[in-house]
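# Notes for the structure review
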Amino acid sequence: MKRMLVLLLIVALFLPAMAYAEVDLTGMSYDELVALKGQIDLAIWASDEWQEVSVPVGVYTVGEDIPAGKWTIRAADASYITIKWGDELSDSGVDLDYGDLYEYEALYSPTYRNYDERSDRTEISYEIKDGQYVIIDNGTAVFTPYAGKQSLGFK
């Protein structure tokens with residue numbers, strides 16, 4: 001009985017270290033790696049520990065690529081982006097059906113070379129729902145959980 005308890009104690013001590021063990025991904029196919037990356041991205045976004053995430057140019061499905069919810073979105077440092085969201089993609093699959101476009105906005109980082117503080121927006125807040133699409137063009141967007149502040153600041 002003592003041996004069993006000692007064995008269980010040893011296993012319990014090493015379990016946390018095993019959770020951070022490096023995983024060999026060399027045998028996985030491209031599709032398997034992409035699926036795993038998507039799962040990891042969503043798990044990171046669901047964590048209470050992260051403060052923001054950079055999202056590159058692309059077409060994203062809410063609920064698959066980006067969690068549903070209310071987000072504060074800004075352009076990454078020294079960049080400019082356009083962002084739009086809506087319910088339906090166009091036939092090309094890389095843009096929104098303009099009859100169903102909810103929002104289109106150009107956002108500028110204050111460190112962008114052509115930034116004009118009198119007219120350029122630096123961030124916006126969106127409430128996005130499962131099944132909608134978010135399209136980011138021209139640069140990298142930074143998503144931060146919306147904290148409900150009037151200034152749309154970070155949490």
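Data block above holds the structure.
Rules of the game
- Residues numbered from 1 in each chain as written.
- Predicted model: local features only at pLDDT ≥ 70, side-chain atom pairs only at ≥ 80, totals over all residues.
- Heavy atoms only, no water.
- Helix = DSSP H or I, 4+ residues; strand = E, 2+ residues; numbered from the N terminus.
- Buried < 20%, exposed > 50% of the residue type's maximum accessible area, 1.4 Å probe, protein only.
- Contact = heavy atoms within 4.5 Å.
- Areas by Shrake-Rupley, 256 points an atom, 1.4 Å probe, with all protein chains shown as cover.
- Pairing = 2+ DSSP bridges.
- Axes fitted to C-alpha atoms, helices over the stretch in contact; angles between N-to-C directions.
- Salt bridge = Lys/Arg side-chain N within 4 Å of Asp/Glu carboxyl O.
- Phe/Tyr/Trp six-rings, centres within 6.5 Å; stacked < 30°, edge-to-face > 60°.
- Patch = residues over 30% accessible without salt bridge, like charges linked within 9 Å, V, L, I, M, F, W, Y side chains within 5 Å.
- Lys, Arg positive; Asp, Glu negative; His and termini not counted.
- Charge placed at Lys NZ, Arg CZ, Asp CG, Glu CD.
- Polar contact = N/O pair within 3.5 Å; in protein donor to acceptor, adjacent residues only side chain to side chain.

## Thoughts on the overall build of the chain
- Along the chain, the regular secondary structure elements total two helices and eight strands.
- Along the chain, helices and strands appear, N-terminal first, in the series α-α-β-β-β-β-β-β-β-β.
- Here the chain, with 155 residues, has 34% of them falling under the buried criterion.
- Contacts spanning at least 24 positions in sequence make up 70% of the contacts within the chain whose residues lie at least 6 apart.
- Working note: accessible area of the chain is about 10,300 Å², and carbon and sulfur atoms make up 55% of it.

## Here we look at the sheet that holds strand β3 (residues 69-75)
- Taken together, the four strands give an open sheet; going across it, the order is β1-β8-β3-β6, and neighbouring strands pair in antiparallel fashion. Sheet topology places β1 (53-55) and β6 (123-128) at the edges, where each strand pairs with a single neighbour. Across the sheet, the axes of successive neighbouring strands diverge by a mean angle of 35 degrees, strand direction being ignored.

## With respect to the pattern of salt bridges
- Summed over all chains, the structure comprises four salt bridges.
- Between Lys84 and Asp95 there is a salt bridge; the shortest N-O distance is 2.9 Å. Placement of Lys84 in strand β4 (residues 80-86) and of Asp95 in the loop between β4 and β5 (101-108) is noted, with a sequence separation of eleven residues between them. Note on accessibility: Lys84 and Asp95 belong to one class, buried.
- For Asp116, the salt bridge identified is with Arg118, shortest N-O distance 3.1 Å.

## Concerning the packing of aromatic side chains
- In this structure the tally under the stated criterion is five aromatic pairs.
- Considering the side-chain rings of Trp71 and Phe143, the 6.1 Å spacing of their centres and the 65 degrees angle between planes classify their relative orientation as edge-to-face. With a gap of 72 residues between them, Trp71 in strand β3 and Phe143 in strand β8 (residues 141-145) connect regions that are remote in the sequence. Taken individually, Trp71 and Phe143 each receive the classification buried, so the pair is uniform in this respect.
- Geometrically, the ring pair formed by Tyr80 and Tyr108 is tilted, given 4.9 Å between the ring centres and 35 degrees between the ring planes. A residue pair is termed long-range when its members are at least 10 positions apart, and Tyr80 in strand β4 and Tyr108 in strand β5 qualify at 28 residues.
- Taken together, the ring pairs in this structure connect Tyr80, Tyr108 and Tyr112 into an aromatic cluster.

## Looking at a negative patch on the surface
- There is a patch of like negative charges on the surface, built from Asp87, Glu88, Asp91 and Asp97.
- Mapped onto the secondary structure, Asp91 falls in the loop between β4 and β5.
- The exposed category is assigned to Asp91, whose relative accessible area is 88%.

## Observations regarding a nonpolar patch on the surface
- Where nonpolar side chains cluster on the molecular surface, the patch consists of Val23, Leu25 and Leu33 and spans about 240 Å² of accessible area.
- Tracing the sequence through the fold places Leu25 in the loop between α1 (2-19) and α2 (30-46).
- Its relative accessible area of 37% is what places Leu25 among the partly exposed residues.

## Notes on the environment of Ser109
- With respect to the element layout, Ser109 can be found in the loop between β5 and β6.
- A residue is classified by how much of its surface remains accessible, and Ser109, at 4% relative accessible area, is buried.
- C-alpha separation for the pair Ser109 and Thr122, spaced 13 residues apart in sequence, amounts to 5.8 Å.
- Discounting chain neighbours no more than four positions away, the residues touching Ser109 are Ala75, Ala76, Asp77, Ala78, Ser79 and Tyr115.
- A polar contact is formed between the side chain of Ser109 and the backbone nitrogen of Ala78, at a distance of 3.0 Å.

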